[in-house]
Amino acid sequence: MQWSVIFKKELLENWRNFKWIWVPIVFIIFGIMDPITTYYMPKIINTVGGLPEGAEITIPQPPPEQALLMSINEYGTIGVLIIVLITMGLIAGELKSGVSELVLSRPVTYTNYITAKWASTVLLILASFIIGMFFSWYYVNLLFGDLSLSQLFGAIFIYGFWMIFVVTITVFVNTLFKVPGLVGFVSILIVILIHMVTSIFGRFLAYSPANLSSYVSAYVHTGEMTADMWSSIFVAIVGIALLLLLSINILKNREI
Amino acid sequence: MLEALMQINWALLAPLIVIQVILMIVAIIDLVRIEKTNGPKWLWAIIIIFVNVLGPILYFILGRRQ
C-alpha cells in the first residue's frame, strides 16, 4: 500500500510538470529525425548544395535495418543524456530541499521510497522509448523498405534493458551526492566509463551491458538471440538489482 | 526553390512539424502558469519560440525550478 502511494504521487508529479508529454515527444523527434534527414539528404544537397550544373551525387540509401539502428544510436547518446538530466534531481533534489525528510519521517521504508521513485522513472522512460521506436519503425517502413514487427520488438526488448540500466545508475548516484548537477555529471561519467572499459577489454567482456547496442544491431540483422545477448541482458538485470540494493543501503546509513 | 518545396512529401513531414508545435505550445502553457523560472521569463519565452526543438527541451530541463 505504501509503495503504491509514493508511486502514484510520483506519476502525478511527472504528469503535472508535463514530463509525460515532453519526454515522449523528444524521443519521437530524435527517433525519426535521422531516418528523415538521411532520406532527404540527396534532395537537400541537390537544391541547396550549389553544385555545378549537371553534377549528380548519388548517395546510397541505407537498408531498413541500418535506418532503424540510426534511431537506436540517437537514443544511445541524446536519449541517455535526457534520461540522466531527468533523473538527476529525483532524490538528490529532495535531499537538498528537505522534502525527503518530510516523506521519510512518516513510516515509509527506504526500500519503498527508492523503488517507487525508480519504477515511476523507468515507466516514463520505457514508454517514451517504445513510442519513439514505433514512430521510427513506421518511418523506416515508409522510406526505406520493409522491417518486420519482430525485428522492432527484438530491438525494443534488448535496448530497453540498457535504458533501465542507465536510469538505475543515475538513481544510485542520486544517493551519493546532494547536488543534482554533480549527480548528472558523475552519472554520465560512469556511463562513458562503462563504454570505454567494454571497448578496451571487449574480448573478455562480451557480457557487458554496454554491448547491448551492438547486440541490437546483430539481432535486427540476423533475427536470432545468441547466448551472449542473453548473458548481457542477465548481467544488466543483476546490475540493476545490485545498484538498487546499494542505493537503499547508502540512503539508510546516511545522515540526511 | 518553390519547385523544390512542392516536391517535398508533406504527408511525411507533417507529423514531425505537428509534434514540434505541440512541444512548443506545452512549454508556453507551462511558462505562463509557472510562478518563477530560473532566469527571466521573457528570455525563456524567446528561447522556446525561436530555438527549434531544443528551446522547449532546454526550458523543461533547466528553466523550471524544482
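Being a predicted model, the structure only gives us computed values, none of them experimental.

Colleague: Even after reading the chapter, I still don't get the overall build of chain A, so can you show me in this structure?
Modeller: For chain A, the helix and strand inventory stands at ten helices and zero strands. Each helix and strand of chain A, placed in order from N terminus to C terminus, yields the pattern α-α-α-α-α-α-α-α-α-α. Looking at the 256 residues of chain A, the share that counts as buried comes to 39%. Restricting the contact set of chain A to residue pairs at least 6 apart, pairs at least 24 apart contribute 83%.

Colleague: Help me understand the overall build of chain B, please; the structure alone is not making it clear to me.
Modeller: Counting its secondary structure elements, chain B contains four helices and zero strands. The order of α-helices and β-strands along chain B, N terminus first, is α-α-α-α. Split into buried and exposed, the 66 residues of chain B put 18% on the buried side. In chain B, 55% of the contacts between residues at least 6 apart in sequence involve partners at least 24 apart.

Colleague: What should I look at first to understand the packing of helix α2 (residues 19–48) of chain A against helix α6 (residues 110–143) of chain A in this one?
Modeller: Two quantities define a packed helix pair, namely the angle between the axes and the distance from one axis to the other. Residues and elements named next belong to chain A. Their axes nearest at 8 Å, the elements α2 and α6 cross at an angle of 25°. It follows that α2 is roughly parallel to α6 by the angle criterion. Regarding α2 and α6, the two cross each other, and that crossing is right-handed. On α6, the residues touching Lys-19, Trp-20, Val-23, Pro-24, Phe-27, Ile-28, Gly-31, Ile-32, Pro-35, Ile-36 and Tyr-39 of α2 are Leu-124, Ala-127, Ser-128, Phe-129, Ile-131, Gly-132, Met-133, Phe-135, Ser-136, Tyr-139, Val-140 and Leu-143.

Colleague: Please clarify how the interface of chain A and chain B should be interpreted in this entry.
Modeller: When the parts of a complex come together, some accessible area is lost, and that lost area is often taken as the interface size. Taken together, the contacts link 15 residues of chain A with 16 residues of chain B. The biggest single contributor to the side of chain A that touches chain B is α2 of chain A, with nine residues. The residue inventory of the side of chain A that touches chain B, partitioned by class, reads eleven nonpolar, four polar and no charged.

Colleague: Is there a simple way to think about the packing of helix α7 (residues 149–174) of chain A against helix α10 (residues 227–252) of chain A in this case?
Modeller: All names here are of chain A. Closest axis-to-axis distance for the α7/α10 pair is 9 Å, and the angle between their directions is 20°. What the angle tells us is that α7 and α10 run roughly parallel. Of the two elements, α7 crosses α10, and the hand of that crossing is left-handed. Across the interface between the two elements, Ile-158, Phe-161, Trp-162, Ile-164, Phe-165, Thr-168, Ile-169, Val-171 and Phe-172 of α7 pack against Met-229, Ile-233, Ala-236, Gly-239, Ile-240, Leu-243, Leu-244, Leu-246 and Ser-247 of α10. Class assignment for the residues of the contact of α7 with α10 results in 15 nonpolar, three polar and no charged.

Colleague: Any chance you could explain the confidence of the model for chain B here in plain terms?
Modeller: Note that predicted coordinates carrying low pLDDT should not be read in detail. Residue and element names in this part refer to chain B. Per-residue pLDDT for chain B has a mean of 85; in total, 85% of the residues score no lower than 70. Element-level pLDDT for chain B is lowest in helix α1 (residues 2–7), with a mean of 65, against a maximum mean of 92 in helix α3 (residues 41–50). Predicted complex metrics record ipTM = 0.86 and pTM = 0.90.

Colleague: Looking at this model, I keep getting lost on helix α3 (residues 64–87) of chain A. Mind explaining?
Modeller: With 24 residues, α3 of chain A should reach 34 Å at 1.5 Å per residue; the first-to-last C-alpha distance of 33 Å fits that figure. Most pronounced at Ile-78 of chain A, the bend in α3 of chain A amounts to some 35°.

Colleague: Please clarify how the nonpolar core should be interpreted in this entry.
Modeller: A general feature of soluble globular proteins is that nonpolar side chains tend to end up buried together. Residue and element names in this part refer to chain A. Ranked by size, the top nonpolar core spans 74 residues in total, and within it Ala-155 and Ile-158 carry the most contacts. By residue number, the principal contributor to this core is α7, which donates 15 residues. Once residues lying within four places of it in the same chain are set aside, the contact partners of Ala-155 are Leu-68, Ile-72, Met-133, Val-216, Tyr-219 and Val-220.

Colleague: Just checking my understanding: could you explain the environment of Ile-48 of chain B for this structure?
Modeller: Residue and element names in this part refer to chain B. Residue placement: Ile-48 occurs in helix α3. Considering only alpha carbons, one finds Ile-48 and Leu-23, 25 residues apart in sequence, at a separation of 9.3 Å. Setting aside anything within four residues of it in sequence, one finds Ile-48 in contact with Met-24, Ala-27, Ile-28, Leu-31, Gly-55, Pro-56 and Tyr-59.

Colleague: Is there a simple way to think about the environment of Glu-74 of chain A in this case?
Modeller: Residue and element names in this part refer to chain A. With respect to the secondary-structure elements, Glu-74 resides in helix α3. C-beta crowding within 10 Å serves as the criterion here: with 21 such atoms nearby, Glu-74 is assigned to the buried category. A sequence separation of 90 residues divides Glu-74 from Ile-164, and the C-alpha atoms of the two residues are 16 Å apart. Excluding its chain neighbours within four sequence positions, the residues that come into contact with Glu-74 are Phe-30, Gly-31, Asp-34 and Gly-79.

Colleague: What exactly am I supposed to notice about the confidence of the model for chain A here?
Modeller: On average, residues of chain A score 89 in pLDDT, and 95% of them reach the 70 mark or higher. Ranking the helices and strands of chain A by mean pLDDT puts α7 of chain A first, with 96, and helix α5 (residues 99–105) of chain A last, with 70.

Colleague: Help me understand unusual backbone geometry, please; the structure alone is not making it clear to me.
Modeller: Comment: phi is negative for the bulk of residues other than glycine, and the bulk of peptide bonds are trans. Positive phi values are uncommon outside glycine, yet Phe-18 of chain A reaches one of about 65°. Position of Phe-18 of chain A relative to the elements: it lies in the loop between α1 (2–16) and α2. Judged by local crowding, Phe-18 of chain A falls into the partly exposed class, with 18 C-beta atoms found within 10 Å. With a phi angle near 60°, Val-53 of chain B is a residue other than glycine that sits in the positive phi range. Following the sequence through the fold, Val-53 of chain B ends up in the loop between α3 and α4 (54–63).

The rules behind these values
Residues numbered from 1 in each chain as written. Chains lettered and ligands numbered in written order. Predicted model: local features only at pLDDT ≥ 70, side-chain atom pairs only at ≥ 80, totals over all residues. Helix = DSSP H or I, 4+ residues; strand = E, 2+ residues; numbered from the N terminus. Buried ≥ 20, exposed ≤ 12 C-beta atoms within 10 Å, placed from the backbone. Contact = placed C-beta atoms within 7 Å. Axes fitted to C-alpha atoms, helices over the stretch in contact; angles between N-to-C directions. Parallel < 35°, antiparallel > 145°, perpendicular 65-115°, else oblique. Left-handed = near helix turned anticlockwise from the far one by under 90°. Nonpolar A, V, L, I, M, F, W, Y, C, P; charged D, E, K, R; others polar. pLDDT = per-residue confidence, 0-100. Expected span 1.5 Å × (residues − 1). Bend = angle between axes of the 7 residues up to and from the residue. Core = buried A, V, L, I, M, F, W, Y, C linked by C-beta atoms within 7 Å.

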